[in-house]
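Chain by chain, the residues:
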Amino acid sequence: MFNSNNKFKFTAISMLVATVSACGGSSSNKPGTDTYQMKELESSDPHGKLAQASSSEQTLNRIRNGLLLSSNQSFFNKDFTGDTGIQRPTALVESFADSTASPTPGFSQTNLIEAGVDEADLVKFDGKTLFIGVNQYSPLYEPFVETPEAEAASTFIIEPITDNESYIRALQELEDGSMELVAEFAQHKGGNLDGLYLANDELISIVNQDVFSIATDLEDEEANVFTPSFTINKYDVTDPANATVTDEVVIAGHLVRSRRIDDKLYVLSQFYPTIPLDYIYEPQTDVEYRNNETLVGQLPLSSLLPTVEINQTNAQSLVDGANCFLPAGEDDSVGYASTLTVTVFDLNDLSNFESNCLNIDVHGFYMSQSSIYLTNHNWTNQQTTIHKLALTDTGVDYQATGQVDGYLGWRGEAFRMNEHEGHLRVLTTTNTEDETDRMDHHLYVFETNEQTNTLDLVSQLPNENQPKEIGKVNEDVYAVRFYGDRAYIVTFEQIDPLYSVDLSDPENPILAGELEVPGFSSYLHPLSDKYLLGIGEDVDANLALREPAVFNETDRDTDVSELPSDSVEGDGGVKLVLFDVSDINQPTEVQTLVLGNTGSYSDALYDHRAVSLLQTEDGNYRLALPLSLTQFTTQYYQADRGLGLIDINVSDDAGLNLNGFLSTSDKDYYYNYVTRGIINGNKVHYVQSPHVWSTTWQDSKRVVGPK
């Protein structure tokens, strides 16, 4: 899809491009005279404010400097051992906000943490058709053959599926509640489906296509290439049995994240330029370094920024160099080789898009209905920089930057940022040097100062008036959930304190309530101002398992005292707990339901999209939860996979009730890639990719499938 100028050389040089070219550097001196002096270069600072590039030339200089940085540092550090100290940017850590998706009457949809901000998932349902994205193992290597550019095709052809190819399954619900397969289709070979979007009889698929190609002649380095790209396809699925591709977009680089708001698709992608084949990573002389500078200086901006192909036309630039945001105030001796591009597509016409790039290292991502926040962690001084991009009618615009002490943590980091009524709330963790209390947690509230382009601190917890710490000694944060003018935080080491925070006055946050319960929650879902659902794992105060719920009648004599000794300590079964948070100062536990024994698991523990909730007409909830359960009997240990069906009563008689369990274990189908539950009124479907089982809420023992 891309000509050879857009391909990475797969040699010792290209193996280093992933770890070197992503970072930055710069040089403004040019060889050509006997008085040539090489300037020592510096990596661009991602922790300060940003400014739009004054010209495309400024962006070109920054990226070229970034490509030169590794050899420049090597030259100035004669004891160089092969480590430039520059690393490829880490994968973005996602963050989500507080507003739970409003229940859709009749059927459940992808569980969105930020209402109105759709997220890609491999399972999508619109009340009548179920689409499942299936990823199969594909060959890593394939022969590379240089061919002339093909003429643009006048129509798209959906090709038959072959082995080791990702594809999409379309199934429709029958009157009896079962599913019928109506089509299987795929548009691209060798790709890996990242996710799907579904709206208004249009299906969007995003496919990563990172393909290594090895030359037949291993001496021919020119033929060893790496072609990272991803493809966005738009299908007309008015008739799912005859789906047609209406648009195709191919972008050079790596997909980072995507989101959809109404008829706009937001795509974040990372691009690493090609390093010239003759580039010397460890120059020992001025001549060798000047050779590098000459090679890099010959690279045009068009080869240093990502390209896009729309509907199989010739590649064009995805972003204009003048539309890049660079660290403000830096001179021409700094740089960074990689770019993060934010592209906003009009879903009515994918050829209509607007792109901006950021020439900085980015680690984290959070998006609300009005803003995108990008973070960078400075591990040396334990600070996090936050850059805010405002969503405009057609794209994004840089708005502000701020710093905060601490980092977003390793567990539950996806929920640590939130925008609400003009304020950004952030929960961070700082490592201390005190072995008796290794972690401190802080909650910060910021507001945007458009005059200074800064995120200004409004308040924080703990503070002088509210000195109580978040979490007990040595407890880490396991779950965070912002909800309107409240925040709920779960910390854990041996017990599970649930903290409720009153944020109704942004200038005076209050750590209002605390409740200690055994085990811990790794996911929190507000059902209303009164009730909060927690999903996690169960242990008691002594790290021992609590009494589990069992599904098989023959197992109802399970005795915890008879568990094997090596299974008593550690994580227990999957735990659901319903909290009453109507009094923010005194949260209480309404009921706890433990499913399975130690070793039990649910995708919902670490992927909120695996939670399927449907609010019923009487205001209560139905929860479908994928489960892999382990259970102990008096004689043996067994596993059970399927979908748990739980009634959540939030009326006066509040509580949790295990309604049933759709089991697949006796059919030799096991966990593959993705598990999801779909609730459509009284009909229930369980996706254990690529298969689907169906049942009813009233009788989960009557199972139809797999389909």
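Before reading further, recall that the structure is shown in the block above.
Right, let's walk through the structure included here.

Conventions we followed
Residues numbered from 1 in each chain as written. Predicted model: local features only at pLDDT ≥ 70, side-chain atom pairs only at ≥ 80, totals over all residues. Heavy atoms only, no water. Helix = DSSP H or I, 4+ residues; strand = E, 2+ residues; numbered from the N terminus. Buried < 20%, exposed > 50% of the residue type's maximum accessible area, 1.4 Å probe, protein only. Areas by Shrake-Rupley, 256 points an atom, 1.4 Å probe, with all protein chains shown as cover. Pairing = 2+ DSSP bridges. Axes fitted to C-alpha atoms, helices over the stretch in contact; angles between N-to-C directions. Parallel < 35°, antiparallel > 145°, perpendicular 65-115°, else oblique. Contact = heavy atoms within 4.5 Å. Nonpolar A, V, L, I, M, F, W, Y, C, P; charged D, E, K, R; others polar. Disulfide = S-S within 2.5 Å. Expected span 1.5 Å × (residues − 1). Polar contact = N/O pair within 3.5 Å; in protein donor to acceptor, adjacent residues only side chain to side chain.

**A few points about the overall build of the protein chain**
Phase 1: Within the protein chain, the secondary structure is distributed over three helices and 46 strands.
Phase 2: When burial is assessed residue by residue, the protein chain has 57% of its 707 residues classed as buried.
Phase 3: On the protein chain, roughly 28,900 Å² of surface is accessible, and the fraction owed to carbon and sulfur atoms is 44%.

**So, the sheet that holds strand β20 (residues 324–327)**
Phase 1: One open sheet holds the six strands; their spatial order is β3-β20-β23-β22-β17-β16, and the pairing between them is mixed. Since the sheet does not close on itself, it has two edges, and those belong to β3 (50–52) and β16 (254–261), each with one partner. Each neighbouring strand pair of the sheet contributes to a mean axis angle of 20 degrees, computed without reference to strand direction.
Phase 2: For strand β17 (residues 264–271) and strand β22 (residues 339–346), the ladder comprises eight bridges, and the chain directions are antiparallel. Within the sheet, the bridge partner assigned to L268 lies in β22 and is V342.

**What to know about the packing of helix α2 (residues 56–76) against helix α3 (residues 286–297)**
Phase 1: Two elements in contact, α2 and α3, have axes separated by 10 Å at closest approach and are oriented at 170 degrees. Taken together, the axes of α2 and α3 lie roughly antiparallel to each other. Taking contact as the criterion, the partners of R64, L67, L68, S71, N72 and F75 in α2 are, on α3, D286, Y289, N292, E293, V296 and G297.
Phase 2: Counted by class, the contact of α2 with α3 contains five nonpolar, four polar and three charged residues.

**Some points on the state of the cysteines**
Phase 1: Applying the stated criterion across every chain, the model contains one disulfide.
Phase 2: Disulfide pairing places C324 opposite C357 at an S-S distance of 1.5 Å. Where C324 bonds to C357 through sulfur, the torsion about that S-S bond is close to 95 degrees, and the disulfide is right-handed. Of this pair, C324 sits in strand β20 while C357 sits in strand β23 (residues 349–358), placing them 33 residues apart in sequence. Note on accessibility: C324 and C357 belong to one class, buried.

**A look at α3**
Phase 1: Given a rise of 1.5 Å per residue, 12 residues ought to cover 16 Å, and the 16 Å separating the end C-alpha atoms of α3 matches this to within 8%.
Phase 2: Where α3 is buried, its residues contact α2.

**Let's talk about the side chain of H363**
Phase 1: With respect to the helices and strands, H363 occurs in the loop between β23 and β24 (364–367).
Phase 2: The buried category is assigned to H363, whose relative accessible area is 8%.
Phase 3: Here D361 takes part through its side chain, which lies 3.3 Å from a polar atom of the side chain of H363.
Phase 4: Within the structure, H363 has its side chain in polar contact with the backbone nitrogen of H377 (distance 2.9 Å).

**Regarding the sheet that holds strand β44 (residues 675–680)**
Phase 1: Taken in spatial order, the three strands make up an open sheet running β44-β45-β46, and their pairing is antiparallel. Of all the strands in the sheet, just β44 and β46 (691–696) have a single pairing partner and so form its edges. On average, adjacent strands in this sheet sit at an angle of 20 degrees to one another, irrespective of strand direction.
Phase 2: Pairing of β44 with strand β45 (residues 683–688) involves six bridges; the strand directions are antiparallel. Residue I678 lies in a different strand from β45, and its bridge partner there is H685.

**Concerning the environment of L532**
Phase 1: Turning to its location among the elements, L532 is positioned in strand β37 (residues 531–537).
Phase 2: For L532, a relative accessible area of 0% translates into the label buried.
Phase 3: The sequence separation of L532 and R481 amounts to 51 residues, and the corresponding C-alpha distance is 9.9 Å.

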